[in-house]
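# Structural features, examined
Below are the chains, spelled out letter by letter.
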Amino acid sequence: MRAHALHLSVFLVARPAWARHALAALCAGVAWGLSWVLAPLPGALPILLSLAAVLVAALTGGVGPAWLATFMGALSIVSRTDTRSAATTLLELSLFVALGGLVAVLSGRRGSGGTASPQLPPARPAVSPQEGLEAHLLRNLGDAVLATDAHGVVRYLNPAAATLLQCPESEAIGAPLSQVLRSRPESGSFPLRHASKPSAWSPWPRALRRRDGGELPIEECTTPLRGPAGEELGAVWMFRDATSRRQFELERSRLLERERSALAEAQAQRERMDSLFFQAPVAIAVFRGPEHVCELLNPQARVLLEVDGAALGKPLRDVQPGMDPGLLRLLDEVYREGMPFSAREVPLPTPPSVGTPMHARPSRYHDVSWQPWRDARGAIQGVMAVAVDVTGLVVSRRAAEDLAGELREVVQARDEFLSIASHELRTPITSVQLQLQFLLRMAPTAGSDGATSLVHRRVEATLRSVAQLHQLVATLLDVSRIRAGRLDLHRERMDLSSLTQELVSRAQEDAAGARCPVRLVVSEPLFGNWDRVRLEQVITNLLSNALKYGAQRPVEIHVTREGDFACLRVKDQGIGIAPEDQARIFHRFERAVSQRHYSGFGLGLWIVRQIVEALDGDITVESQPNAGSTFIVRLPLESPSAIDATG
């Protein structure tokens, strides 16, 4: 219907104005002639014929031809000479002019869509009320409509087109299409005159150049316009603003690009996951549902389960009927309860070889882990199983355990031998020591010349060697006892201050020999529950080291109280200990000095630390190279309740 209305409008507008007025004059003349020919008929016939001429002129020519027909009809009424009175003639003339003017006004309004627009051609024939409605619809249509004749000249332009083109209808009508529709295609081609056949809306927008210098994206549709005989009358262009569509397309393109990128990334991620899944050095299997249908099996899992690719989609019980029922029950619990399960060093048989019976196949050990497989909503879909072959680790660990057991047996045998040997050596050494002491008392102190006798000197030297041997045997015995965890303590209430004074007085002769005078500072009696023999061993060892490494300089011993602890400090001014060696010297067989210059096995401080820690105390050292060393022993004092009970 819209195409038919456009065809009629363009067909009427294309006629020149003189032709429309001539047609109106012809119609009025025909009506006038018929009124003379049919004079014997009733007197109202000429008026009716003139009104018919006015209607035809209005429909075919518009407002101007209608008024022309009305004027000529009025002349025909006035020119009639009959017996009617002048009043009757004037009444007929008035009615005719009123009706003719009304027809002309109505035809003008229908042709302009309800508004008298000076931009449209002055004559728009009104053929029928239906076609007037179509013209009204075209002018109020939201899409822009532009029609041309066969020569590409614009003959029709609705208000929507004038708004988009920024061109009034008065300027567009009669102008070439190339001057009115200035645009460039964003994609594809665009016919500047008209299309040879109807087409749909363009899939890609065009850039419409506007008068303000900007560009507006539009989408268009071109339809050829033909007459009743198929002759080419022109073309009709319909176009509309495509800004929102363009933005939508751009956004859609961006979304599609992001989607393609996401799909490519997902595909790459899937390929990486597949690569990792199939190349993982562990067996990975995924089972779906309560029947544990094999969903995924990597090559290691297929080897472990002794299946091939045909196992996919089948329940685990069918593809592995010989599987341990206990493992299957655990698999059911993981699926049912949703709690993961793991087991270490599970023995599983190796794949069969030719001619090897089941019982002769060696087992391989695996660390097995079963995890519930959940979907995005948290519902359990199945079970994921991972098995790591740890046969090498198990074999190595067992070999290391066997070797460690053998080493423990060897060390235990060594410690037992040292303990027994040390214990057995103490008896003859003690006997020799007693005999040497007896000989020393019986030997003459001085000879005839007043000098020390040779026998006395030899016996003293031998007695010192035996004492060193006795100390070495005692040290070995202590090492064996500590290693065996049999360091016996006989605790008793004793005073650390008095014990230190006693031991310092005994060591005065050794201090004089080492040329290291000993200075003792005791603040008060300090009582505690300690082992007297072991505590003597601690003080003697520290004092001996101070005299040994004191570089013939004074040695200071301080016994003080520090809160609930008794503190023993043994300070020398000797060679000192480097910071990196201060923690090492309390270990077995560790020394901070060269063995070429200082004798010893590096066991003294280790034994001291073991004894002090067994007495619930601690030992530390403060030292710098060539600035002396200070060994600090802290032992817990007896509690006040014990002192009150004793007192």
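Residues numbered from 1 in each chain as written. Predicted model: local features only at pLDDT ≥ 70, side-chain atom pairs only at ≥ 80, totals over all residues. Heavy atoms only, no water.

## Concerning helix H18 (residues 532-549)
- The terminal C-alpha atoms of H18, which comprises 18 residues, lie 26 Å apart, in line with the 26 Å expected from a rise of 1.5 Å per residue.
- Among the residues making up H18, those that are buried are Arg534, Leu535, Glu536, Gln537, Val538, Ile539, Leu542, Leu543, Asn545, Ala546, Leu547 and Tyr549.
- The backbone nitrogen of valine 533 has a side-chain oxygen 3.0 Å away, supplied by the residue at the start of H18, namely aspartate 531.
- Count one or two residues on from H18 and you reach alanine 551, which has phi positive near 55°. (Helix = DSSP H or I, 4+ residues; strand = E, 2+ residues; numbered from the N terminus. Expected span 1.5 Å × (residues − 1). Buried < 20%, exposed > 50% of the residue type's maximum accessible area, 1.4 Å probe, protein only. Polar contact = N/O pair within 3.5 Å; in protein donor to acceptor, adjacent residues only side chain to side chain.)

## Some details on the packing of helix H16 (residues 496-506) against H18
- For the pair H16 and H18, the least separation of the axes is 10 Å and the interaxial angle reads 50°. The orientation of H16 with respect to H18, classified from their angle, is oblique. Judged by the twist between their axes, the crossing of H16 over H18 is right-handed. For the pair H16 and H18, the contacting residues are Leu496, Leu499, Thr500, Glu502, Leu503 and Arg506 in the first and Arg532, Leu535, Glu536, Ile539, Thr540 and Leu543 in the second.
- Taken together, the residues of the contact of H16 with H18 sort by class into six nonpolar, two polar and four charged. (Axes fitted to C-alpha atoms, helices over the stretch in contact; angles between N-to-C directions. Parallel < 35°, antiparallel > 145°, perpendicular 65-115°, else oblique. Left-handed = near helix turned anticlockwise from the far one by under 90°. Contact = heavy atoms within 4.5 Å. Nonpolar A, V, L, I, M, F, W, Y, C, P; charged D, E, K, R; others polar.)

## Notes on the packing of H18 against helix H19 (residues 604-614)
- The contact between H18 and H19 brings their axes to 10 Å, and the two run at 145°. Of the two possible hands of crossing, H18 and H19 adopt the one that is left-handed. Contacts from Arg534, Gln537, Val538, Asn541, Leu542 and Asn545 in H18 reach Gly604, Leu605, Ile607, Val608, Ile611 and Val612 in H19.
- For the contact of H18 with H19, the class distribution of residues is seven nonpolar, four polar and one charged.

## Describing the packing of aromatic side chains
- For the structure shown, the criterion picks out two aromatic pairs.
- Residues phenylalanine 341 and tryptophan 370 carry aromatic rings whose centres are separated by 5.5 Å and whose planes lie at 40° to one another, so their mutual orientation is tilted. One end of the pair, phenylalanine 341, is in strand S9 (residues 341-349); the other, tryptophan 370, is in strand S10 (residues 363-374), with 29 residues separating them in the sequence.
- Ring centres of phenylalanine 586 and phenylalanine 631 lie 6.3 Å apart, and the angle between their planes is 75°; on these two criteria the pair is classed as edge-to-face. Taken together, the residues phenylalanine 586 in the loop between strand S16 (565-571) and H19 and phenylalanine 631 in strand S18 (residues 629-636) connect sequence positions 45 residues apart. In terms of burial, phenylalanine 586 and phenylalanine 631 fall into one category: buried.
- Against the face of phenylalanine 527 rests arginine 493, its NZ or CZ located 4.2 Å from the ring centre.
- The positively charged end of arginine 634 is found above the aromatic ring belonging to phenylalanine 565, 4.5 Å away from the centroid. (Phe/Tyr/Trp six-rings, centres within 6.5 Å; stacked < 30°, edge-to-face > 60°. Lys NZ or Arg CZ within 6 Å of the ring centre and 35° of its normal.)

## Focus on the pattern of salt bridges
- Applying the stated criterion to the full structure yields 26 salt bridges.
- We note a salt bridge from aspartate 149 to arginine 155, for which the minimum N-O separation is 3.1 Å. (Salt bridge = Lys/Arg side-chain N within 4 Å of Asp/Glu carboxyl O.)

## Things to note about the sheet that holds strand S13 (residues 518-522)
- The strand order across the open sheet formed by five strands is S13-S15-S16-S18-S17, and the pairing between neighbours is mixed. Looking at the sheet topology across the chains shown, the edges are occupied by S13 and strand S17 (618-623). With direction set aside, neighbouring strand axes in the sheet form an average angle of 15°.
- Here S16 pairs with S18 via seven bridges, running antiparallel. Bridged to cysteine 567 within S18 is arginine 634.
- On the sheet, H16 packs against S13, strand S15 (555-562) and S16 and is oriented at approximately 165° with respect to S13.
- With respect to the sheet, H19 is in contact with S17 and S18, its orientation differing from that of S17 by roughly 135°. (Pairing = 2+ DSSP bridges.)

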